[in-house]
Amino acid sequence: MNFDTPVSMRDGFGQALLELGEQNQRVVALSADVSEPTRVHWFARKFPERFFQMGISENEMIGTASGMALNGLIPFATTFAIFAASLAHQPMRVSAAYARANVKIVASHGGVTIGADGATHQAYEDLGLMRLIPGMTVLAPCDARQTYHAVFAAAEYDGPIYMRVGRVDEQVITSETDEFNIGKIQSLREGSDVAILANGIMVSRALEAARILAGEGMNAAVINVHTLKPFDTEGVLHVLKTCGAAVTVEEHTVLGGLGGAVSECSARNYPVPVESIGVQDVFGESGDTEEVLGYYGLTVPRIADAARQAVARKQSISGK
Amino acid sequence: MEGMTENLEDLARQIRRDVIRMIYHAGSGHPGGSLGAAELFAVLYGRIMRHDPNNPTDFHRDRLVLSNGHICASLYSVLARFGYLPLGELASFRRFGTRLSGHPSRTKLPGIVENSSGPLGQGVPVAKGIAQANRLLGSEGHVYCIVGDGEIQEGIVWESLLSAAQHHVDNLVLIVSYNRLQLDEAVAKVKSLEPLADKFKSFGWHVQRIDGHRVDDIAGALQQAREVTGKPKAVIADTVMGKGVPFMEDKFTWHGGSISLQQAQEALESIGSSAKFDDFLIDGEQAV
Ligand SMILES: Cc1ncc(C[n+]2csc(CCOP(=O)(O)OP(=O)(O)O)c2C)c(N)n1
């Protein structure tokens, strides 16, 4: 797969699953009538006997995948994030997580950049909903290449995983040699004035904001929190201690996702000012990627502002 | 509007024109199901439903609950054609900030659309709940609920079928747009519904199966459904995805997507123009 030109995370997922299917006969895939949009159709064409078309029945799909996992298969159940995380929440909770079934749920069309389908199809509560389930591992990789690696890591990993992937083509920011370790934050830029913690497509925006801030003499660390759960408390605390101020950036409501996790971690262990960029607990508008990111305030200038704000709060606390 | 056969056919034709132009202009949408249900909307609003654009929230009105919200282009069109929406607003379909979002939103169109939908299946229990409330509160209104065939694969639909029969919700009419296709491929290949009419019957529903493109048959079935008492009613309307546009007809790939300028021109040519209606205005060089 060519990662040099803009490509979507769902494409990275589809390609990885295809290769995984080749390597591991226990890998099966399920779809709820959205196999082309989630890119699981590449696997379906190549391994029809290991592909299960469930129709428009997301609850049944998660339950079925859980059952298959209990019997030793490695099922990748795929649909849109909004239907995986909120519609099929109960089977995720009990049949997958409580039973500790080794099922992998890959949810595309995560976040607000889902096109013009409207607020009903935007998924910005999914990571929070999944994070609240005990024993669920929650991944939100930042680009197509990282998604590609995450699929192999997920197959190796024992236990239920929810992985959110994006719909839109984006420039890849990770490099070929980057490792993907479930449960560990990834430091993409060193800094000591403020830490910008992001996941998904917002990581590239965070890096851009950090470059702007560097021009003003502000040193921002950029951290990719691709694993929201298990949360890398140790890694995040280290960053908070180094920087003393933080900004969280996510294509998700500011409640319960990355903003929630970092705030909880900080408040309980090492309080620092935390500014959160994300959807502000509203139903909103849909449209083109940039339009919609602008509407929700998920932009580079807003991230930079939040960083300046976090640093100002830090300075006012320390009395400087 | 008089519900004469020719008038209803003409209205269906204009709905199709609107659907093509709205989706072309928006750059994306769901043409297949929307075109396939044009006659259903025309007959409901043009002949069957008791509704008054000047009194849209009348307590005794009949209501339409669109469960398969993705075919809302047809709904917005018929609402505009009856004066519930300014005609020109159709040009804003699916655009940033529009009231005519990709799936209908009750809070964006208060008093104009009855429910918010998008996640398939959810409209059926909502329609049933409205119908039950109508009975309890003494409203004479009937509730019509349109569902897609693939949509029926959702478990929530079957839960609702059971309860509607249990509670004899006889002011509820479920209309299935049975175009035999869903997003990924044919319904029969994904998860067959057949024998669908027998399933409804065995669940305690009154069932009719009709040609969903013949306005008189639709009207006849809906009229009959109104008169049956004691049980909920289903009308299975055999429809064709993409109906009226030969290159889209019966192709699941036209469930959703975008329409090019050339395709839009070809589609409008096949549909033909309406005797009574004018197209809504679209700005821009590439307008069709
Ligand atoms: C709960 C849910 N799952 C999946 C989808 C995505 N989706 C939208 S339309 C559609 C296919 C619907 O098929 P059908 O009801 O036959 O409608 P048609 O294709 O005929 O328009 C799917 C899978 C959705 N909107 N809601």
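Just so you know, the residues in each chain are numbered from 1, in the order the chain's sequence is written. To read the labels, note that chains go from A and ligands from 1, taken in the order they are written. Totals for whole chains, interfaces and linings use all residues, but because this is a predicted model, local features are given only for residues with pLDDT of at least 70 and pairs of side-chain atoms are given and counted only at 80 or more. Hydrogen atoms and water are omitted, and side-chain values are computed over all heavy atoms in the structure.

### Quick word on helix H11 (residues 258–269) of chain A
All names here are of chain A. For clarity, the threshold we go by: Helix and strand definitions here come from DSSP, where helices need a minimum of 4 consecutive H or I residues and strands a minimum of 2 consecutive E residues; each element is numbered from the N-terminal end. By this rule the span expected of a helix is its residue count minus one, scaled by 1.5 Å. In this scheme, a residue with accessible area under 20% of its type's maximum is buried, one over 50% is exposed, and one in between is partly exposed, where area comes from a 1.4 Å probe on protein chains only. In this description, contact between two residues means that some pair of their heavy atoms is separated by no more than 4.5 Å.
In this model, H11 (12 residues) spans 16 Å end to end at C-alpha, consistent with the 16 Å of a helix rising 1.5 Å per residue. Every buried residue belonging to H11 is among Leu258, Gly259, Gly260, Ala261, Val262, Cys265 and Ser266, and all of these are buried. On the buried face of H11, the contacting elements are helix H7 (126–131), strand S8 (194–198), strand S10 (227–229), helix H10 (233–243), strand S11 (246–253) and strand S12 (274–279).

### Focus: helix H10 (residues 261–271) of chain B
All names here are of chain B. Selection criterion: The directions from the helix axis to the C-beta atoms form the arc being described.
Within H10, the full set of buried residues consists of Ala264, Ala267, Leu268 and Ile271. With its buried residues spanning 95° around the axis, H10 presents them on a single face. Every exposed residue of H10 that faces more than 90 degrees away from the buried side is listed here: Gln262 and Glu269. The secondary structure elements touched by the buried residues of H10 are helix H1 (5–26). Backbone geometry just downstream of H10 places Gly272 in the positive-phi region, at approximately 85°.

### Examining the interface of chain B and chain A
In plain terms, the rule: One side-chain nitrogen of Lys or Arg within 4 Å of one carboxyl oxygen of Asp or Glu is enough to make a salt bridge. A 3.5 Å cut-off defines polar contacts: any pair of N or O atoms within that distance qualifies, except that in protein one atom must be a possible hydrogen donor and the other a possible acceptor, and neighbouring residues in sequence count only when both atoms are side-chain atoms. Under the grouping applied here, Gly and all other residues not named as nonpolar or charged are polar, the nonpolar ones being Ala, Val, Leu, Ile, Met, Phe, Trp, Tyr, Cys and Pro and the charged ones Asp, Glu, Lys and Arg.
The interface of chain B with chain A comprises 24 residues on the first partner and 26 residues on the second. Here chain B is connected to chain A by 3 salt bridges. Along the contact surface separating chain B from chain A lie 16 residue pairs in polar contact (both at pLDDT 80 or more). Its residues assigned to classes, the side of chain B that touches chain A shows 5 nonpolar, 11 polar and 8 charged.

### Remarks on the sheet that holds strand S5 (residues 233–238) of chain B
Residue and element names in this part refer to chain B. The cut-off we apply is this: Pairing between strands is defined by DSSP: at least two bridges between the two strands are required. Lines are fitted to the C-alpha atoms to define the axes, a helix being fitted only along its stretch in contact, and any angle between axes, read from their N-to-C directions, falls within 0 to 180 degrees.
With respect to topology, 5 strands assemble into an open sheet ordered S1-S2-S3-S5-S4, the strand pairing being parallel. In the strand order of this sheet, the two ends are held by strand S1 (63–66) and strand S4 (206–211), each with one partner. Between one strand axis and the next, the sheet turns through 20° on average, direction left out of account. The sheet contact formed by S1 and strand S2 (residues 143–148) spans 4 bridges and is parallel. Opposite Leu64, over in S2, you have Tyr144 as the bridge partner.

### Things to note about the site of the ligand
Just so we agree on the cut-off: The rule for a residue being near a molecule or strand is that one of its heavy atoms must lie within 4 Å of it. Here the Shrake-Rupley method, with its probe set to 1.4 Å, supplies the accessible areas, and only the displayed protein chains count as covering residues.
Residues in contact with the ligand amount to 22 residues; listed here are only the nearest, A:Glu58, B:His70, B:Asp149, B:Asn179 and B:His255. Mapping the residues near the ligand onto chains gives chains A and B. At 2.9 Å from an oxygen atom of the ligand is found a main-chain nitrogen or oxygen belonging to B:Leu181. B:His255 is positioned with one of its side-chain polar atoms (N or O) 2.7 Å from an oxygen atom of the ligand. In isolation the ligand exposes 590 Å². Once the protein is present, 98% of that is buried. Along the lines of polarity and charge, the residues of the shell around the ligand split into 8 nonpolar, 9 polar and 5 charged.

### Considering the domain arrangement of chain A
Residues and elements named next belong to chain A. What counts, and what does not: Domain extents, as shown, originate in an automatic or database domain assignment. Buried area: the sum, over both parts, of the accessible surface (1.4 Å probe) that disappears when the two are put together.
Here the domain parsing of chain A yields domain 1 (9–164) and domain 2 (186–318). Averaged C-alpha coordinates put domain 1 and domain 2 at centres separated by 26 Å. Taken together, the 32 residues of domain 1 in the interface contact 31 residues of domain 2. Here domain 1 packs against domain 2, burying approximately 2200 Å² in sum over the two surfaces, 52% of which is carbon and sulfur. Counting across the domain 1 and domain 2 interface gives 1 salt bridge. In this structure, Arg131 and Glu264 form a salt bridge, with 2.6 Å as the shortest nitrogen-oxygen distance. Summed over the shared surface of domain 1 and domain 2, the result is 23 residue pairs in polar contact (both at pLDDT 80 or more).

### Remarks on the environment of B:Leu90
All names here are of chain B. Within the secondary structure layout, Leu90 lies in the loop between helix H4 (72–81) and helix H5 (123–137). Residue classification places Leu90 among the buried positions, given a relative accessible area of 0%. Between the alpha carbons of Leu90 and His103 there is a distance of 14 Å; along the sequence they are 13 residues apart. The contacts of Leu90, once residues within four sequence positions are left out, are Asp18, Met22, Tyr76, Ser77, Ala80, Leu100 and Phe280.

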